[in-house]
Amino acid sequence: MDSFFSNHTGIKTEEEKIDFMFHVIRYVERQVVLYDSVEDAAFEQLVQLGNHLSLKDCITLLDRAQKGRKIADNLSCFSARIVLTAHPTQFYSPAVLDIIGQLRSMIARNDIDQIDLTLQQLGLTSLINAKKPTPLDEAKNIIHLLRHVYYEAVGELYTTVKKHVPGTGFNCPHIIQLGFWPGGDRDGNPFVTSETTLAVADELRMNLMKCYYRDVKRLAQKLTFRGVEAALDNLQARLYRTLFDPEKTMRYDEIINPLVDIRASLIENYNSLYLDELESLIDKVNIFKTHFAALDIRQNHAVHKRTVEAVLKQANLIANSLDELPTTEAIAVLCRTDISVHPDQFDDALAKDTIRTIVQVKRIQRKNGEAGCNRYIISHAEDLFSVLLVLCLFRWCGWGKSDLPVDIIPLFESMESMKNAGSIMQALFDIPSYRAHIAQRRNRQTIMLGFSDGTKDGGYLQANWSIYKTKEKLSAVCDRHGIKAIFFDGRGGPPARGGGKTHRFYASHGKSIANHAIELTVQGQTITSMYGSKAHFMHNCEQLLTAGLSSSLRERENTISDDSRQLIETLAQLSHEKYTALKNHHRFMAYLENKSTLTYYARAKIGSRPYKRGDGQKLDFNDLRAIPFVGSWSQLKQNVPGYYGIGTAIQSLVDEGKLDPLKQLFNEVPFFKALILNSMMALSKCNFELTGYIAGDPVYADFWNMLAEEYRLSTEMVLLISGYRVLMEEEPLSRKSIEIREGIVLPLLVVQQCALQKIEMRSTHKALYEKIVQRSLYGNINASRNSA
C-alpha cells in the first residue's frame with residue numbers, strides 16, 4: 001500500500017490515504033452489486049450450460065421407471081421445505097435489493113441509459129445499515145422477498161409440477177413449503193421476545209393477504225359475470241379489512257371456498273374463461289393458506305431446563321435442580337405431573353418469556369392456522385430431556401392432555417450429541433406419552449442436524465460423515481417404530497457450514513437414509529444469491545425436488561460398501577485428529593482474535609444476534625458462533641473450516657499405498673465425491689498470498705506456515721485422487737464466477753489487511769482504521785455469496 005501511494009498517487013498525508021481507502025471500499029461494494037446483477041441477468045442462459053436434470057425430465061424418467069405405479073403417488077409422499085433465516089451474513093436493505101432487481105432487468109434488455117442512471121442512484125444510496133437491525137427489521141427484509149418473489153415463484157413452480165405429472169388431478173400443495181426463522185429463533189438472541197414473535201406472525205399473514213387482495217382485484221377486472229362478480233367483490237372487501245389491522249383475520253376456508261365456487265361457475269356457465277388465472281390463485285391459497293411461511297420457534301435446551309426447574313421448584317417437586325432426581329423419577333414427574341403455569345408467576349425474565357412464547361403459539365395458530373407456527377426446535381439437544389422438557393412445558397402452559405398440534409424437533413449439532421442421537425430417540429419412542437404424541441402427529445418425527453456447529457466442533461470431513469451415519473442410525477430407529485423420519489438440515493452458505501452444491505449432496509444419499517422430504521435452512525446472502533429472483537428460486541427448488549426424487553431413477557442402489565465405509569471412516573478420523581490439533585494449538589484463538597476480523601463482526605451493523613454466546617469478556621471457542629468463526633477465515637482468504645485436515649488424511653493413506661482405492665472412492669461413491677467437490681470450492685476461494693506477510697511475524701509465523709502447508713497439501717491431494725488438472729474442473733461456470741469475484745474483491749481485502757496491520761502497529765489513527773476493517777466486511781461477504 002505504501003508503494004502504491006508513493007508510486008501511483010500524489011497522496012501524502014495519512015488522513016488522505018485513509019479517505020482514499022474508504023473510497024476504494026465504496027467502489028468495490030458497488031462493483032459487487034453490478035456484477036451480481038450481470039450474473040443474475042444471464043442466469044437463465046448460463047444454467048442451460050450446466051449439467052442439471054430438469055424437473056420435467058426427472059418426472060418423465062420416473063414415469064417410465066414406475067412400471068404401472070402412479071407417479072403422482074410417488075410425488076405426494078415427498079416435499080421440499082426451504083427455511084429462511086436471518087443470520088448476520090446479509091445486510092442489503094429492500095431499497096438496495098430493488099436496485100439489484102432493476103439492474104438485472106435493464107441488463108437483460110441492454111438498456112444502457114437506464115443502467116447508467118441506476119448506477120448513479122446506487123452510488124448515492126447507502127449500502128449499510130445506519131443502526132443494527134432489530135429482529136423485526138430482519139423479518140421484514142425477508143418478508144419483502146416472500147411478497148415480491150416467492151409468492152409468484154412458488155405458484156409457478158407448483159403449476160409446472162402439475163403440468164408435467166402424467167394424468168389429471170395431481171393435488172399435492174405441500175410438495176413445496178416455506179419456513180421462517182426471523183422473529184422465532186431466539187437461541188442466543190436476547191432481542192427476540194414473545195412480542196417479536198407475534199409481530200412477525202402478523203406481518204407474514206398481513207403481507208400474504210396483500211398478495212391475495214391484489215390477485216382477487218385483478219381477477220375482478222376480468223371476471224365481470226353475473227354471480228361471479230358479486231362473489232369476488234365480497235371476497236375483495238373482506239380481504240381488504242385484514243391488510244393493516246393485525247386483529248382482523250380470515251380463515252383459510254373463508255378464502256378458498258368462494259374461489260372454488262367461482263371455479264365451478266366458470267366451468268358450468270362461462271366457458272372456463274380465465275380459468276387458468278383463477279386456478280393459479282387457488283393453488284397459491286392451498287399452498288400458503290393464511291400463514292405464508294411457517295414460523296418456527298427455536299430455543300436452547302439450557303433455557304428450557306432453567307424454566308422447568310423454576311416451575312418444579314415453585315411446585316415443591318425439587319429443591320434446586322432436575323438433576324437431583326433419578327432418570328426414571330424425573331421422566332415420571334415430567335410426564336405425569338399436572339401443573340398449570342402462567343408467565344406472571346415467575347420473576348426470571350427468561351423463564352417468563354419462554355412460557356409466554358409457548359402460550360402464544362395457540363394464539364398464532366388461531367390467527368394464521370396451525371401450519372403458521374407448529375414446529376418447536378431445541379438447539380443443543382444432548383439427551384431425551386431436551387425433548388421431554390418442551391413437551392411438558394406445552395402441557396403445563398394450557399395445552400393439557402389434548403392433542404398437541406406442534407412438532408417438537410431436537411437439534412443435534414455436536415459430535416457427542418450426534419453419536420448419541422439414535423439412543424436418545426429410541427429412549428423417547430419407548431416413553432408412552434411421547435409415542436402417543438408422535439402418533440397424533442401422523443407418525444412423523446422431524447430431527448434437525450447442525451452442519452455449522454458440527455463442522456466447527458469436528459472439522460469438515462468428520463462432521464459430514466458423522467451426520468451421514470447419524471441419519472442412517474436415526475432412519476433405522478424410526479423404521480423399527482413405524483415412524484417416518486424427516487431430516488431438517490441446519491446448513492449455511494459455504495461448504496464449511498453445509499453449503500456448496502446442496503442438491504448434489506442430497507442426490508448422493510443412499511437407501512439407508514429416510515427420503516420423505518428435504519428440509520434445510522437457507523441463510524444470509526445465500527437467500528439472495530440462490531433464491532433472490534424468480535428464475536433462481538424456481539431452478540434451485542427444482543434441483544432440490546429432483547435430488548430427492550432421483551433415488552428412484554438409479555439402476556443400482558446408491559449404497560456405500562464396507563470397504564468404502566472403512567476408507568471414509570479412516571479419512572474422517574485422520575482429518576479430525578489434524579483439525580483437533582489445530583483447535584488445541586496455543587496460538588489458535590489468539591490468531592483469530594489478533595490477525596482476523598473476528599471481533600469486528602460484533603461491531604458490524606449486519607444482524608441482530610450477538611456474535612458469540614454468553615456475556616463473558618474472554619473469547620472462548622465454545623461460545624463462538626459458527627457464522628463469525630467461518631466468516632473470519634473467509635475474510636482472511638484461508639477458509640480453514642472447509643478443508644483443513646483433508647490433505648493430511650489423504651496423504652496418510654496414499655503413503656500406505658491406497659491411492660487407487662481413493663481414486664475409486666471419488667469416482668464411485670457420490671457422497672464422498674460431493675464432499676470433495678465442495679471442499680474444492682473452499683480451496684478455490686483461498687489466497688494465502690494476501691496474508692503472506694504473517695510468515696515473517698515473530699509470534700504467528702509458525703502457525704501461519706502450518707495453515708499454508710495444509711492448504712497446499714489439501715489442494716495437491718484432492719487433485720491427485722480426482723485426476724483433475726485444476727480445482728472444480730467439472731464446474732467451469734462456478735470456477736469462473738469465483739475467479740471474477742475474487743478479482744473484484746482483492747483491492748478491498750488488501751485495504752482490510754493494511755488496516756489490520758496499522759491497528760497492530762498502534763497507529764495514531766487507530767479508530768479510523770478500525771472503521772475501515774469493519775466496513776470492509778460487507779463487500780467481501782456479498783462478493784463471495786456464500787462466505788459465512
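Data block above holds the structure.
Notes on the structure follow. (Residues numbered from 1 in each chain as written. Predicted model: local features only at pLDDT ≥ 70, side-chain atom pairs only at ≥ 80, totals over all residues. Heavy atoms only, no water.)

Examining the overall build of the chain
Line of reasoning, step 1. Along the chain, the regular secondary structure elements total 32 helices and nine strands.
Line of reasoning, step 2. The C-alpha extent of the chain, read off along each of the three principal axes, is 80 × 75 × 60 Å.
Line of reasoning, step 3. Put simply, the chain has 788 residues, and 59% of those count as buried.
Line of reasoning, step 4. If you take every contact in the chain between residues at least 6 apart in sequence, the share linking residues at least 24 apart comes to 80%.
Line of reasoning, step 5. Both charge centroids of the chain, one from 94 positive and one from 91 negative side chains, sit 3 Å from each other. (Helix = DSSP H or I, 4+ residues; strand = E, 2+ residues; numbered from the N terminus. Buried < 20%, exposed > 50% of the residue type's maximum accessible area, 1.4 Å probe, protein only. Contact = heavy atoms within 4.5 Å. Lys, Arg positive; Asp, Glu negative; His and termini not counted. Charge placed at Lys NZ, Arg CZ, Asp CG, Glu CD.)

Describing the sheet that holds strand 9 (residues 517-522)
Line of reasoning, step 1. In spatial order, the strands read 3-2-1-9-8-7-6-5-4; together these nine strands make up an open sheet with parallel pairing. Sheet topology places strand 3 (294-295) and strand 4 (297-300) at the edges, where each strand pairs with a single neighbour.
Line of reasoning, step 2. Of the pairings in the sheet, the one linking strand 1 (residues 79-84) to strand 2 (residues 176-180) comprises five bridges and is parallel in character. Each bridged residue has a counterpart across the sheet, and for Arg81 the counterpart in strand 2 is Gln177. (Pairing = 2+ DSSP bridges.)

Considering the pattern of salt bridges
Line of reasoning, step 1. Going through the model one piece at a time under the given rule, you end up with 49 salt bridges.
Line of reasoning, step 2. Linking Glu731 and Arg504 is a salt bridge whose minimum nitrogen-to-oxygen distance equals 3.4 Å. Placement of Glu731 in the loop between helix 30 (701-722) and helix 31 (732-760) and of Arg504 in helix 21 (residues 502-507) is noted, with a sequence separation of 227 residues between them.
Line of reasoning, step 3. One network of salt bridges, in which partners are shared, links Glu152, Arg214, Asp215, Arg218 and Lys284. (Salt bridge = Lys/Arg side-chain N within 4 Å of Asp/Glu carboxyl O.)

Concerning the packing of aromatic side chains
Line of reasoning, step 1. Across all of its chains, the model carries 33 aromatic pairs by this definition.
Line of reasoning, step 2. Summarising the aromatic geometry, the rings of Tyr213 and Tyr240 are spaced 5.6 Å apart at their centres and angled 50 degrees between planes, so their arrangement reads as tilted. Of this pair, Tyr213 sits in helix 9 (residues 194-222) while Tyr240 sits in helix 10 (residues 228-240), and the two are 27 residues apart along the sequence.
Line of reasoning, step 3. Relative to Tyr724, the ring of Phe666 has its centre 5.8 Å away and its plane inclined at 85 degrees; by these criteria the two rings are edge-to-face. Here Phe666, found in helix 28 (residues 659-668), pairs with Tyr724, found in the loop between helix 30 and helix 31; they are 58 residues apart in sequence, far enough to count as distant. For the residue pair Phe666 and Tyr724, the accessibility class agrees, reading buried in each case.
Line of reasoning, step 4. Cluster of aromatic residues (ring-pair linked, three or more members): Phe588, Tyr591, Phe629, Trp633, Tyr700 and Phe703.
Line of reasoning, step 5. Taking the ring centre of Phe488 as reference, the NZ or CZ of Arg375 above it sits at 4.8 Å.
Line of reasoning, step 6. The aromatic ring of Phe505 is capped on one face by Arg491, whose charged end is 4.4 Å from the ring centroid. (Phe/Tyr/Trp six-rings, centres within 6.5 Å; stacked < 30°, edge-to-face > 60°. Lys NZ or Arg CZ within 6 Å of the ring centre and 35° of its normal.)

Quick notes on helix 27 (residues 646-655)
Line of reasoning, step 1. Where helix 27 is concerned, the buried positions are Ile646, Gly647, Ala649, Ile650, Leu653 and Val654. The buried side chains of helix 27 occupy one side of the element, clustering within an arc of 165 degrees when seen end-on.
Line of reasoning, step 2. Positive phi shows up at Gly657, right after helix 27, with a value of about 85 degrees. (Arc of directions from axis to C-beta.)

Observations concerning the pairing of strand 8 (residues 484-490)
Line of reasoning, step 1. Among the seven residues in strand 8, six count as buried, and that is most of the element.
Line of reasoning, step 2. When strand 7 (residues 444-450) meets strand 8, the two strands line up parallel, connected through seven bridges. Within the sheet, the bridge partner assigned to Gly450 lies in strand 8 and is Gly490.
Line of reasoning, step 3. As judged from the two bridges shared by strand 8 and strand 9, these two strands associate in the parallel manner. Looking at strand 9, one finds that Phe488 is bridged to Glu519.

Here we look at the side chain of Asp185
Line of reasoning, step 1. For Asp185, the position within the fold is in the loop between strand 2 and helix 9.
Line of reasoning, step 2. Polar contacts involving the side chain of Asp185 include one to the main-chain amide nitrogen of Asp187, which spans 3.3 Å. (Polar contact = N/O pair within 3.5 Å; in protein donor to acceptor, adjacent residues only side chain to side chain.)

Brief notes about a nonpolar patch on the surface
Line of reasoning, step 1. On the surface, a cluster of nonpolar side chains totalling about 270 Å² of accessible area is made up of Leu46, Leu49 and Leu733.
Line of reasoning, step 2. On the accessibility criterion, Leu49 (64% relative accessible area) is exposed. (Patch = residues over 30% accessible without salt bridge, like charges linked within 9 Å, V, L, I, M, F, W, Y side chains within 5 Å. Areas by Shrake-Rupley, 256 points an atom, 1.4 Å probe, with all protein chains shown as cover.)

A closer look at the nonpolar core
Line of reasoning, step 1. In terms of nonpolar packing, the biggest core is built from 200 residues, with Leu146, Tyr150, Phe180, Tyr212, Trp396 and Trp633 touching the most fellow members.
Line of reasoning, step 2. With 13 residues, helix 8 (residues 135-164) is the largest single contributor of residues to this core.
Line of reasoning, step 3. Those residues in contact with Trp633 that lie beyond four places of it in its chain are Phe588, Tyr591, Leu592, Gln638, Asn639, Val640, Pro641, Phe703 and Leu707.
Line of reasoning, step 4. Counting residues in each nonpolar core, the second largest holds 43 residues, with Ile18, Tyr35, Ala41 and Val773 among its members. (Core = buried A, V, L, I, M, F, W, Y, C linked by side-chain atoms within 4.5 Å.)

As for the packing of helix 15 (residues 349-368) against helix 16 (residues 385-399)
Line of reasoning, step 1. Where helix 15 contacts helix 16, the axes come no closer than 9 Å and their chain directions differ by 65 degrees. For the element pair helix 15 and helix 16, the recorded crossing hand is right-handed. Contacts between helix 15 and helix 16 involve Ile355, Ile358, Val359, Val361, Lys362 and Gln365 on the former and, on the latter, Leu393, Phe394, Cys397, Gly398 and Trp399.
Line of reasoning, step 2. Looking at side-chain class alone, the contact of helix 15 with helix 16 contains eight nonpolar, two polar and one charged residues. (Axes fitted to C-alpha atoms, helices over the stretch in contact; angles between N-to-C directions. Left-handed = near helix turned anticlockwise from the far one by under 90°. Nonpolar A, V, L, I, M, F, W, Y, C, P; charged D, E, K, R; others polar.)

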